Protein chains: 2
Amino acid sequence: MNDQVFSDLDLTSLLSLSYNSTINELHEKLSELGFDDIRPAHGFMFKCIIPNGATGIEISEYLGITKQAVSKMVDFLEKSGYVMRQTHPTDKRGKIIVLTERGWLVVKAKEKILTEIEGRWSAKIGSERVQVLKGDLLKIIFKENEGEYSSFSRPIW
Amino acid sequence: MNDQVFSDLDLTSLLSLSYNSTINELHEKLSELGFDDIRPAHGFMFKCIIPNGATGIEISEYLGITKQAVSKMVDFLEKSGYVMRQTHPTDKRGKIIVLTERGWLVVKAKEKILTEIEGRWSAKIGSERVQVLKGDLLKIIFKENEGEYSSFSRPIW
DNA sequence: ACAATATGGTCAATCAAGTTGACTATGATA
DNA sequence: TATCATAGTCAACTTGATTGACCATATTGT
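All of these numbers come straight from a predicted model, not from anything done at the bench. (Residues numbered from 1 in each chain as written. Chains lettered and ligands numbered in written order. Predicted model: local features only at pLDDT ≥ 70, side-chain atom pairs only at ≥ 80, totals over all residues. Heavy atoms only, no water.)

A. Here's a closer look at the overall build of chain A. Along its length, chain A carries six helices and four strands. Across chain A, helices and strands are ordered from the amino to the carboxyl terminus as α-α-α-α-β-β-α-α-β-β. For chain A, the residues scored as buried account for 45% of the 157 residues in total. Counting contacts in chain A only where the partners sit at least 6 residues apart, residues at least 24 apart contribute 53% of the total. With the model as given, the accessible surface of chain A reaches about 8,200 Å², and the carbon-plus-sulfur share is 52%. (Helix = DSSP H or I, 4+ residues; strand = E, 2+ residues; numbered from the N terminus. Buried < 20%, exposed > 50% of the residue type's maximum accessible area, 1.4 Å probe, protein only. Contact = heavy atoms within 4.5 Å. Areas by Shrake-Rupley, 256 points an atom, 1.4 Å probe, with all protein chains shown as cover.)

B. Quick look at the protein's contact with DNA strand D. Taken together, 22 residues lie near DNA strand D, and Lys 67, Ser 71 and Arg 93 of chain A together with Thr 66 and Lys 72 of chain B sit nearest. Counting only atoms of DNA strand D within 4 Å of the protein, the fraction found in sugar and phosphate groups is 56%. Gly 56 of chain A is positioned such that a nitrogen or oxygen atom in its backbone is 3.2 Å from a phosphate oxygen of DNA strand D. The contact in question runs from a base oxygen of DNA strand D to an N or O atom on the side chain of Arg 93 of chain A, over 2.6 Å. Among the elements of the structure, α3 (56-63) and α4 (67-79) of chain A together with α4 (67-79) of chain B are those that each provide at least two residues to the surface near DNA strand D. Broken down by class, the residue content of the surface near DNA strand D amounts to four nonpolar, eight polar and ten charged. (Near = heavy atom within 4 Å. Polar contact = N/O pair within 3.5 Å; in protein donor to acceptor, adjacent residues only side chain to side chain. Nonpolar A, V, L, I, M, F, W, Y, C, P; charged D, E, K, R; others polar.)

C. Spatial organisation of the interface of chain A and chain B. Taken residue by residue, the interface counts 57 residues in chain A and 57 residues in chain B. Here chain A packs against chain B, burying approximately 5,600 Å² in sum over the two surfaces, 67% of which is carbon and sulfur. At the boundary of chain A with chain B, the tally comes to two salt bridges. Linking chain A to chain B there are eight residue pairs in polar contact (both at pLDDT 80 or more). For the side of chain A that touches chain B, the secondary structure elements donating two or more residues are α1 (11-32), α2 (40-49), α3, α5 (101-125) and α6 (127-141) of chain A. The greatest single-element share of the side of chain A that touches chain B, amounting to 15 residues, is contributed by α1 of chain A. Partitioning the side of chain A that touches chain B into residue classes produces 29 nonpolar, 14 polar and 14 charged. (Buried area = accessible area lost by both parts, 1.4 Å probe. Salt bridge = Lys/Arg side-chain N within 4 Å of Asp/Glu carboxyl O.)

D. Molecular detail of the packing of α6 of chain A against helix α1 (residues 11-32) of chain B. Put simply, α6 of chain A and α1 of chain B touch, their axes get as near as 9 Å, and they point 35° apart. The two elements α6 of chain A and α1 of chain B cross, and the hand of that crossing is left-handed. Together, Val 130, Leu 133, Lys 134, Leu 137, Leu 138, Ile 140 and Ile 141 of chain A of α6 of chain A and Leu 11, Leu 14, Leu 15, Leu 17, Ser 18 and Ser 21 of chain B of α1 of chain B make up the contact between the two elements. Partitioning the contact of α6 of chain A with α1 of chain B into residue classes produces ten nonpolar, two polar and one charged. (Axes fitted to C-alpha atoms, helices over the stretch in contact; angles between N-to-C directions. Left-handed = near helix turned anticlockwise from the far one by under 90°.)

Now the structure itself:
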């Protein structure tokens, strides 16, 4: 196999590498803190739940998977103590998924870790450049013609 | 569920969104060109194969999956005409996976599409800024302390 | 030289995370 | 109030990975 020439990477590969290395570091650190059963998709779900809970259907639309798959994920996360199913206040068919105390702990830990990582980047390229970077990425994901953000790709965590 | 405030996204989410939207667009366009059976992992494998072929073990290390999983992928890609297994020139145990003509076609198409996308970005934020962006991302994925690029995250395509 | 061990690849069984389809209970509507 | 729609769960299946066993060939140590 040919060696990868890093200085010649296209933008897509660079985005992939930087994103993946961030997510890997995040989950390594979470693992060290005892949250070793949390996968990226779980954090993605937490983002949908925060701050006031969400129904299974809402989560499934957010994650882009079926409601049955969400139900299985919630089974797992409920068993491991991160979320709870609550009865829906107005709709007796529905349930609301909310974070438990442990769920909030992992969310706080995630924020701390990501802040650290972003801080390391600021130390390396300067915080102004990080702001420019964020602004540029924001412009890039904004679909010029359609005037809205791309719908098929969603942030994890 | 709370609405996503796009202007307040952290860097990780921005990287995820921009990466995913790029990959989605790439595969949509490939699909239109008739390469609808190609998944991102396949393109990743092509990158390892180019330009002189690779053994199954090499590919498995590159992709970070088992050699058995690679073998199945190669079965699929061979059946659909993108790669071939060749006998290894010196090691009678081994085989070399190489691209077929159709395999090269999809690689060329991918390059064209990614160039278009990067060009669109240049048109939007300016090509100098795209260069800065690339340089910054490169610095970010370079692990300062260890003096080497992060090993667990690899580019797709 | 050759016995012991390591390596490349495949086969088979299994696992994990998703899917589709069927169903129940409740809600909304003609 | 009869009908249709919706939220959630159960069960069966699909897919892309895994582990373990195996064969053929290479490499190594004595």
